[in-house]
Amino acid sequence: MNDADVIVIGGGPAGIAAAVELRRAGVPRVMLLDREPQLGGATRHCSHSPFGMREFGRVYLGAAYGRRLTAEATRAGVDVRTGHSVVRLDEGGRLDIATPEGLGTLTARRILVATGARERPRAARLISGDRPVGVVTTGTLQSYVAFHGLMPFTRPLIVGSELVSLSALLTCLGHGARPVAMAEPFPQALAGAPFSWFPALARVPFHRGTELVDIRGTGRVEAATLRHGDGRLETLACDGVLLTGRFTPESALFLASPVGLDPGSAGPAVDQDGRTLDPVCFAAGNLLRAVETGGWSFREGQAVGRALARDLAADPCATAPIPVGFEEPIKLVVPSLLRPTGQKAALADFQLRVTRAVRGRLSLELDGREVWATVRQFLPERRILVPIPPAAFAAGSVRFRLRENV
């Protein structure tokens, strides 16, 4: 006998929302595993707002939002097991886990993975220079502040301009640190207005088209060298480097599983209901494409939870999926698979991202025939939504094209 009807891996907004929705749909045995001692995911160490406006009708700080999520799981009767790390994801709903009591195995009729995303650290960004203390990601900074009351620097350089970069700037300013500058490699801010106005309002110099090329310091950070778009080098005195954004899905479980990874998103390929290549295994949230807000992940988790509850009423879907094709400069498409199930899709829209700023004509083709198109500018790390037409589920081929300078 299985240990649960559904096991959800990951206690952030998407995982909790899915688990609660499964219980509301009448699924009796829903187990939620998280490797941390508390639920909430990354929101637990966010000392800023807003969280929860659309989900709960009020504004929460990050930590309070995490507590509300925990309370929702408890009220719904979810079997919550913290301190449980999944070390292997096998076919057929089998998990190898590590707990404080030792190693073990759990099985379920369905698995839902919602392990979120993480920022790329220095090593993954190939930044040269010394290896002093004071080079951290936003998540590390916020953990220091929230859990230990520590601010690791007073005059950091912030690298990046995504929403999380502005969260990092708020954390610094709210805890006694004054950033010397923000540097963004792209020629435009990745966060849209009005968020991109904040560095100027805070009187923090904001350098677009600027790359961090060197870090110097003995013991701790003393200076950082920037290369501007015109090739000019500038060295800034600072006592820390705060690396923000450039998220990648936390998809290690799929690397060693038969499901594998989608090369575009770096997460698992999923169909319109969050179902992976293994029809017993589903996925939701920022694991699918880094990175969206906590509220977006929550709503996506709810939708996939509803679809999963319907899926439990029958045998696992045996229909072979149709891959969704695309080409440069499109970076990813989610869902990247389609299955004709006859049910309302959990993911009603294709979600696209591009690798660079481009103006052109984006089109969707079904069996080589164009069924949708738009002409505009597309920016990196900005969400692009295209409604999934009903005819796509009966098509033999589905493909996106983006032709520049139309």
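An unreviewed UniProt entry annotates the protein as FAD-dependent oxidoreductase originating from Ancylobacter radicis.

Engineer: For this particular structure, what's the right way to read helix α1 (residues 13-24)?
Structural biologist: Side chains that are three or four residues apart share a direction in an α-helix, a result of its 3.6 residues per turn. Helix length check: α1 (12 residues) gives 16 Å between terminal C-alpha atoms against 16 Å at 1.5 Å per residue, within 8%. Among the 12 residues of α1, 10 are classified as buried, and the element is accordingly described as predominantly covered. Inspection of α1 places Pro-13, Ala-14, Gly-15, Ile-16, Ala-17, Ala-18, Ala-19, Val-20, Glu-21 and Leu-22 among the buried residues, and these make up the whole buried set. The elements touched by buried residues of α1 are β1 (4-9), β2 (30-34), α3 (62-76), β6 (102-113) and α9 (294-311). Backbone geometry just after α1 places Gly-26 at a positive phi near 95°.

Engineer: Looking at this model, I keep getting lost on the environment of Phe-206. Mind explaining?
Structural biologist: Examined against the element boundaries, Phe-206 turns out to sit in strand β12 (residues 206-208). The exposure class of Phe-206 is buried, given its relative accessible area of 16%. In this structure, the C-alpha to C-alpha distance between Phe-206 and Ala-189, residues 17 residues apart in sequence, is 9.2 Å.

Engineer: Any chance you could explain helix α6 (residues 163-174) here in plain terms?
Structural biologist: Compared with the 16 Å implied by 1.5 Å per residue over 12 residues, the 17 Å span of α6 between its first and last C-alpha is a close match. Along α6, the residues classified as buried are Val-164, Ser-165, Leu-166, Ser-167, Ala-168, Leu-169, Thr-171 and Cys-172.

Engineer: Where do I start with unusual backbone geometry in this structure?
Structural biologist: Peptide bonds are mostly trans, and most non-glycine residues show a negative phi. The peptide bond linking Ala-290 to Val-291 adopts the cis configuration, its omega dihedral lying at 5°. Following the sequence through the fold, Val-291 ends up in the loop between β18 (281-283) and α9. For the peptide bond that leads from Glu-328 to Pro-329, omega is 5°, which places it in the cis range. As for its position among the elements, Pro-329 is in the loop between β19 (322-325) and β20 (330-334).

Engineer: So what exactly am I meant to see when it comes to the sheet that holds strand β24 (residues 369-378) here?
Structural biologist: By definition, the strands of a sheet pair up through backbone hydrogen bonds, in either a parallel or an antiparallel sense. The strand order β21-β19-β26-β23-β24 describes an open sheet built from five strands, whose pairing is mixed. On the outer flanks of this sheet lie β21 (337-338) and β24, each paired with one strand and no other. Bridge count for β19 against strand β26 (residues 398-404) is two bridges, and the pairing is parallel. Residue pairing for β26: Gly-325 is matched across the bridge by Arg-399.

Engineer: Help me understand the pairing of strand β22 (residues 349-354), please; the structure alone is not making it clear to me.
Structural biologist: β22 sits mainly inside the fold: five of its six residues count as buried. Inspection of the sheet shows β20 paired to β22 by four bridges, in the antiparallel sense. Bridge pairing links Ile-330 to Val-354 in β22. Note: β22 against strand β25 (residues 384-387), four bridges, orientation antiparallel. What sits directly across from Leu-352, in β25, is Ile-384.

Engineer: Looking at this structure, I do not really get the sheet that holds strand β9 (residues 135-137). What am I missing?
Structural biologist: What the five strands build is an open sheet, ordered β9-β16-β10-β11-β12; its pairing is parallel. Of all strands in the sheet, those bounded by a partner on one side alone are β9 and β12. Shown here is a sheet whose adjacent strand axes are inclined to one another by a mean of 20°, direction ignored. Relative to strand β16 (residues 240-243), strand β10 (residues 156-159) runs parallel, the two being bridged by four bridges. Each bridged residue has a counterpart across the sheet, and for Ile-158 the counterpart in β16 is Leu-242. Across the sheet, helix α5 (residues 138-148) is in contact with β9 and β16; its angle to β9 comes to roughly 90°.

Engineer: Just to check I follow, could you spell out the pattern of salt bridges for this structure?
Structural biologist: A complete count under the given rule lists 33 salt bridges for this structure. For Glu-300, the salt bridge goes to Arg-289, with nearest N and O atoms at 3.0 Å. With Glu-300 in helix α9 and Arg-289 in the loop between β18 and α9, this residue pair connects regions lying 11 residues apart in the sequence. Residue Glu-300 is classed as buried on the basis of its relative accessible area, which comes to 5%. Among the residues examined, Arg-289 registers a relative accessible area of 1% and is labelled buried. Here Arg-383 makes a salt bridge to Glu-292, at a shortest N to O gap of 2.6 Å. In this pair, Arg-383 sits in the loop between β24 and β25 while Glu-292 sits in the loop between β18 and α9, placing the two residues 91 residues apart along the sequence. Ionic contacts of the salt-bridge type, sharing partners, join the residues Glu-21, Arg-24, Arg-68, Glu-72, Arg-75 and Arg-306 into one network.

The rules behind the values
- Residues numbered from 1 in each chain as written.
- Predicted model: local features only at pLDDT ≥ 70, side-chain atom pairs only at ≥ 80, totals over all residues.
- Heavy atoms only, no water.
- Helix = DSSP H or I, 4+ residues; strand = E, 2+ residues; numbered from the N terminus.
- Expected span 1.5 Å × (residues − 1).
- Buried < 20%, exposed > 50% of the residue type's maximum accessible area, 1.4 Å probe, protein only.
- Contact = heavy atoms within 4.5 Å.
- Pairing = 2+ DSSP bridges.
- Axes fitted to C-alpha atoms, helices over the stretch in contact; angles between N-to-C directions.
- Salt bridge = Lys/Arg side-chain N within 4 Å of Asp/Glu carboxyl O.

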